[in-house]
Amino acid sequence: MKLHSSLHFFHVFFQFYTLSATLNSDGLALLSFKSHWTSLPPLINSTWIPSHSTPCSWACLKCNSFHRVISLNFSYLDIYGQLGPEVANCTQLQHLGLSYSYFNGQIPYSFTNLHKLKYLDLSVNLLNAPFPYFLSQIPQLKLLDLSYNQLHDSISTTIANMTHLQELYLQFNNFSGAIPSSIGNCTQLQDLYLNDNQLEGVLPYSLNNLNHLLNFDIANNKLTGAIPLCFSGCRNLQFLDISFNDFGSGIPYSIGNCTALSQFAAVKSNLVGTIPSSIGLLTELSILRLSENHLSGKIPSEIGNCESLKELHLYSNRLDGKIPSEMGKLGELRDLELFSNQLSGEILLEIWKIRRLEHLFVYNNSLSGELPVEMTELKNLKNISLFNNMFSGVIPQSMGINSSLVQLDFVNNRFTGNLPQNLCFGRNLSVLNMGINRFRGRIPLDVGRCTTLRRVLLKQNKFTGTLPDFFGTSLNMI
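Taking an unreviewed UniProt entry as the reference, the protein chain is identified by name as Leucine-rich repeat-containing N-terminal plant-type domain-containing protein belonging to Vicia faba. As stated in UniProt under Subcellular location (unreviewed entry), the record for the protein chain gives "Membrane".

Pasting the structure below:
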């Protein structure tokens, strides 16, 4: 029995050796590499034929004119298994894509032999190991993507050696410790994503050496201290997200130097102090999110110079004073969220004339005044939340005719007169909250016929007559 098994083994080995005897070294390395996988994609199983002299006709790879493999792309093939060290024997490799699979374990040290590698993508796998410090020995690497894995420990100081690196993606791992100051050596970096880790400590001043940086994301970490990112080195920066950290410091005035900035987010980052007037120098800014902090003082009038703004979120801070009329110059603005502050005064007419406005949330303030008829001409307006303020007067009776209203929440103000007759004209209205005001007259029949309504709050007013018959079984009415 043992003799039979031994003969069978040597027969299979001899057959494999015979079939692959003419296969070049890169082909042999790849066959060994895939031997570490517990599942083989049909595309590879059907085309990786050992009897070929080179692997250049195999799926998922490219060769140069010397029949050496220069590119491997196994992304999105749902491969299970480990990364074998043998792939590093393909020493002419320039591009290695292994993303969106189920590779587990460690990154082989043998990758250091890939001296010509420029692109390494291991994202969205199950790799579980410390930061692969040895990858800094790959001299020409331009892109390194290790995102969406289970890598851990500190980011190594050896990253200083990766001087050709242009894109570094380490987000959604378990990296801890401080961001090494040696990262400032990577002066060619354009994309740097460190978000959604466990990084702590202060941001290194050396980040200002990254003059080519376009996108920088450090959101969802435990970073503290000052934000030293806004000096002359940030003139090319287009995207900056520092949200969900614990800085305990202010927005530096030098943010105004980041003149190419298109998106700036600093949500729930324990920011203090005022919004600097230099924010008005960011004329390319389309998204500004500074919500859920401890910012105080007035909204700077200079913000009106950010004429590319489409989304402005300043809610849940300690901002006071009036909403500056200069905000009326924000002709591209679609989403304005200033709720839960200490704002007072009126919403001036200039703001009610922003034609593209879709969402206006200013509830939980001390705002007052009447709603102008001009607001009814905003054809894109969908959501208006004014509750818990001191607005008064009669709601313009043409409201609803020119827009596709979805949500109206005017609870706890001082509105009087009749409800407009055409609030559900566009047949999109889902929320109609008008309670705790001083409305009079009959509830419009159009409200009762509004089949899209899901919540209605009309209590504590002075309505007369009978309640209309409401349609829709899921309506929540108070």
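That covers the picture; the talk isn't over yet.
**Examining the pattern of salt bridges**
Working definition: two side chains of opposite charge can pair if their charged atoms are close together. On inspection of all chains with the given rule, the structure shows six salt bridges. Close ionic contact of Asp 26 with Arg 68 constitutes a salt bridge, the shortest N to O distance being 3.0 Å. You can see Asp 26 sitting in helix H2 (residues 25-34) and its partner Arg 68 sitting in the loop between strand S1 (61-63) and strand S2 (69-73), a full 42 residues away along the chain. The partner of Glu 377 in a salt bridge is Arg 355, with the nearest N and O atoms 3.7 Å apart. Here Glu 377, found in the loop between strand S26 (366-369) and strand S27 (383-385), pairs with Arg 355, found in the loop between helix H4 (349-352) and strand S25 (359-361); they are 22 residues apart in sequence, far enough to count as distant. Classification of Glu 377 as partly exposed rests on a relative accessible area of 39%. If you follow the salt bridges from partner to partner, you end up with Glu 332, Arg 334 and Arg 356 in one network.

**Concerning the UniProt feature "domain: Disease resistance R13L4/SHOC-2-like LRR" (unreviewed entry) in the protein chain**
In the numbering used here, UniProt assigns the feature "domain: Disease resistance R13L4/SHOC-2-like LRR" (unreviewed entry) to residues 237-409. Span residues 237-409 is 2% helix and 28% strand, its end C-alpha atoms 38 Å apart.

**Looking at the pairing of strand S5 (residues 102-105)**
With three bridges joining them, strand S3 (residues 80-82) and S5 adopt parallel strand pairing. Counted as the bridge partner of Gln 82 is Asn 104 from S5. Across two bridges, S5 lies against strand S7 (residues 126-127) in parallel orientation. Note on S7: the bridge partner recorded for Asn 104 is Leu 126.

**Quick look at the environment of Ser 206**
Mapping Ser 206 onto the fold places it in the loop between strand S13 (198-202) and strand S14 (215-217). On the basis of relative accessible area, Ser 206 is assigned to the buried category, the value being 16%. In this structure, the C-alpha to C-alpha distance between Ser 206 and Ile 183, residues 23 residues apart in sequence, is 7.2 Å. With near-sequence residues (within four places) excluded, Ser 206 lies in contact with Ser 181 and Gly 184.

**Here we look at the sheet that holds strand S34 (residues 462-463)**
Read across the sheet, nine strands follow the order S18-S20-S22-S24-S26-S28-S30-S32-S34 without closing on themselves; strand pairing throughout is parallel. On the outer flanks of this sheet lie strand S18 (272-273) and S34, each paired with one strand and no other. Direction of pairing for strand S30 (residues 414-417) relative to strand S32 (residues 438-441): parallel, over a ladder of two bridges. Opposite Thr 416, over in S32, you have Arg 438 as the bridge partner.

**Looking at a nonpolar patch on the surface**
A surface patch of nonpolar side chains, about 260 Å² in accessible area, is lined by Tyr 80, Tyr 102 and Leu 126. For Tyr 80, the location among the structural elements is in strand S3. We classify Tyr 80 as partly exposed; its relative accessible area is 39%.

**Re H2**
Of all the ten residues making up H2, seven are buried; the element is thus mostly covered by neighbouring parts of the structure. The set of residues buried in H2 consists of Asp 26, Gly 27, Ala 29, Leu 30, Leu 31, Phe 33 and Lys 34.

**Observations regarding unusual backbone geometry**
Phi at Asn 270 is positive, roughly 55 degrees, even though this residue is not glycine. The residue Asn 270 is located in the loop between strand S17 (263-265) and S18 in this model. Judged by relative accessible area, which is 24%, Asn 270 ranks as partly exposed. Here the phi dihedral of Asn 412 falls at roughly 60 degrees; this positive angle occurs in a residue that is not glycine. Structurally, Asn 412 is set in the loop between strand S29 (407-409) and S30. Using a relative accessible area of 34% as the deciding quantity, one classes Asn 412 as partly exposed.

What counts, and at which threshold
Residues numbered from 1 in each chain as written. Predicted model: local features only at pLDDT ≥ 70, side-chain atom pairs only at ≥ 80, totals over all residues. Heavy atoms only, no water. UniProt positions renumbered as here; feature names shortened; annotations may be inferred. Salt bridge = Lys/Arg side-chain N within 4 Å of Asp/Glu carboxyl O. Helix = DSSP H or I, 4+ residues; strand = E, 2+ residues; numbered from the N terminus. Buried < 20%, exposed > 50% of the residue type's maximum accessible area, 1.4 Å probe, protein only. Pairing = 2+ DSSP bridges. Contact = heavy atoms within 4.5 Å. Patch = residues over 30% accessible without salt bridge, like charges linked within 9 Å, V, L, I, M, F, W, Y side chains within 5 Å. Areas by Shrake-Rupley, 256 points an atom, 1.4 Å probe, with all protein chains shown as cover.

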